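Descriptive analysis of the structure
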Amino acid sequence: MKKVAFITLGCKVNQYETNSMIQKFMKNNYEIVEATEKADIYIVNTCTVTNMSDRKSRQMLRRVKEQNREAIVVACGCYVQVAKEEIEAMPEIDLALGNNEKKEIVERVENYQKEKTKENRMEDVMNQKEYVELGETTYTEKTRAVIKVQDGCDRFCSYCIIPFARGRVRSREPEKVIEEIKKIAQNNLKEVVITGIHLASYGKDFKNHYGLIDLLEEMNQIEGIERIRLGSIEPLLITEDFVKRLVKLEKICHHFHLSLQSGCDETLGRMNRKYTTKQFREIVERLRENYKDVVLTTDIIVGFPQETQEEFEKTYQFLKEIKFYKMHIFKYSPRKGTKAAEMKGQIDGKIKEERSERLIKLSDENQEKYNKNYIGEEIEVLWEEEKNGFYQGHTKNYILTIIKSQENLENQITKTRCVRSCCNHIIVEK
């Protein structure tokens, strides 16, 4: 039995696709081993969202070849899709597959084993018009599963290379999504996380006006699934009509990751984001009016080209007023092939670092204050894993929770009382 190891870089979509590839190899009698072990085949599912992601992808490909010089090294995913010349120049890589070729991973690997001919052939994703089914039900974790419902993006933010790596918007047929979730429910998983490259665009390519809210309404009726969590979403998805329908779905988790990127309208304009801070504020108010326990998280880029100190202060003040539970802060890194990389006024690294530290501190303060509100409150937690006698899990609004227990709580939802809060989690007891 040949051994296969996987390394996955990047987003939840990549996680989903890796798990689908794992299922394919298992069906064909391969043994799946850890990436640190000696394997016959190493598959690196790459990311290209930043230059750092590209570098990490190359490092991983070189590292696995060093572990076993005789192994077949396969590079697939977003970096492979946009960096064909760089991939061809890497002697460590035996086989390179783009995003659409992941569905053929076993056949392509076995063809290479027979022919021993290095191959770097892939489709142009920009010409892809239909969603590509990977053909396997994925089980990402013991208590939750990530479900990919959409691929591609047509927003073309000035800093982002992903539309060129993933192509245009393609939505998965709702029947296929529901079928997969029903299989997951039969395996006693309690939670599904809905993800895509640009989730808010789900259904845009359908002719019958079926959209994400329609899909969520169908999901909500599936027996066995107790929680439906949305992945990162475009803020403009949150219209009054969308929320009016969403609040009726009792399984929807009260946690929304709204990708903001900047709290300054001038910076948002240069980023080619499609909303203003005024619109974003209205969206936040809409969610807080309808979900009293809502948790909002976001992504912020600091040091975007031409971001003045005044523009940064606007962002800081806006974020202070919005009071996100947690903010993922990224220092802008020029990505070759994007408009932003060619912009004048690139910001010094030291300034980026200072701005990043200020926002990280603000995020930590917000999280700590929010968690203190739960002391003495009764909450419901889905327990995920045990470490040294302590179980950790998440509330419906995605607050990390820890309990000491000798009883096996894995994959159970229980009501508990919060006794203490920390910066990034709360501690409960029965």
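Okay, so let's go over this structure.

What counts and how
Residues numbered from 1 in each chain as written. Predicted model: local features only at pLDDT ≥ 70, side-chain atom pairs only at ≥ 80, totals over all residues. Heavy atoms only, no water. Patch = residues over 30% accessible without salt bridge, like charges linked within 9 Å, V, L, I, M, F, W, Y side chains within 5 Å. Areas by Shrake-Rupley, 256 points an atom, 1.4 Å probe, with all protein chains shown as cover. Salt bridge = Lys/Arg side-chain N within 4 Å of Asp/Glu carboxyl O. Lys, Arg positive; Asp, Glu negative; His and termini not counted. Charge placed at Lys NZ, Arg CZ, Asp CG, Glu CD. Helix = DSSP H or I, 4+ residues; strand = E, 2+ residues; numbered from the N terminus. Buried < 20%, exposed > 50% of the residue type's maximum accessible area, 1.4 Å probe, protein only. Pairing = 2+ DSSP bridges. Axes fitted to C-alpha atoms, helices over the stretch in contact; angles between N-to-C directions. Phe/Tyr/Trp six-rings, centres within 6.5 Å; stacked < 30°, edge-to-face > 60°.

Moving on, we get to a positive patch on the surface. Taken together, the side chains of Arg-288, Lys-320, Lys-323, Lys-369 and Lys-372 present a region of like positive charge at the surface. Following the sequence through the fold, Lys-320 ends up in helix α12 (residues 309-322). On the basis of relative accessibility, which here comes to 43%, the residue Lys-320 falls in the partly exposed class.

Strand pairing in a sheet relies on backbone hydrogen bonds. The paired strands run either parallel or antiparallel. Taken in spatial order, the three strands of this open sheet run β11-β12-β13, and their pairing is parallel. Of all strands in the sheet, those bounded by a partner on one side alone are β11 (255-257) and β13 (326-331). Taken over all neighbouring pairs, the strand axes of this sheet differ in orientation by 15 degrees on average, direction set aside. Pairing analysis gives three bridges linking β11 to strand β12 (residues 295-302), with the strands arranged parallel. Looking at the pairing, His-257 lines up with Thr-297 of β12.

Turning our attention to the sheet that holds strand β14 (residues 378-387). One closed barrel holds the five strands; their spatial order is β14-β15-β16-β18-β17, and the pairing between them is mixed. The average undirected angle you get between the axes of adjacent strands in this sheet is 55 degrees. Summarising the sheet, strand β16 (residues 400-404) and strand β18 (residues 426-429) pair through two bridges and their orientation is parallel. By the bridge assignment for β18, Ile-402 is matched with Ile-427.

Within this structure, the stated rule accounts for 29 salt bridges. Across the pair Glu-104 and Arg-108 runs a salt bridge, and its minimum N-O distance is 2.8 Å. Here Arg-108 falls in the buried class, since its relative accessible area comes to 5%. What emerges from the salt-bridge pattern is a single network uniting Glu-17, Lys-102, Lys-148, Asp-151, Arg-166 and Arg-170.

The next subject is unusual backbone geometry. Trans peptide bonds make up most of the peptide bonds, and negative phi angles are found at most residues other than glycine. Phi at Gln-306 is positive, roughly 75 degrees, even though this residue is not glycine. As for its placement among the helices and strands, Gln-306 is situated in the loop between β12 and α12. For Gln-306, a relative accessible area of 37% corresponds to the partly exposed category. A positive phi angle, near 65 degrees, is found at Asn-411, a position not held by glycine.

Next up on the list: the packing of aromatic side chains. Per the stated rule, a full pass over the model turns up 15 aromatic pairs. When the ring of Tyr-202 is compared with that of Tyr-210, the centres are 6.4 Å apart and the planes differ by 70 degrees; the resulting orientation is edge-to-face. Within the aromatic cluster, the residues linked to one another by ring pairs are Tyr-275, Phe-280, Phe-318 and Phe-324.

A large share of strand β7 (residues 144-151) lies buried, amounting to eight of its eight residues. The pairing of β7 with strand β9 (residues 191-196) spans six bridges and is parallel. Residue pairing across strands places Val-146 opposite Val-193, the latter belonging to β9. As defined by bridge partners, β7 adjoins strand β8 (residues 170-171) across two bridges and the pair is classed as antiparallel. Of the residues in β8, the one forming a bridge with Gln-150 is Ser-171.

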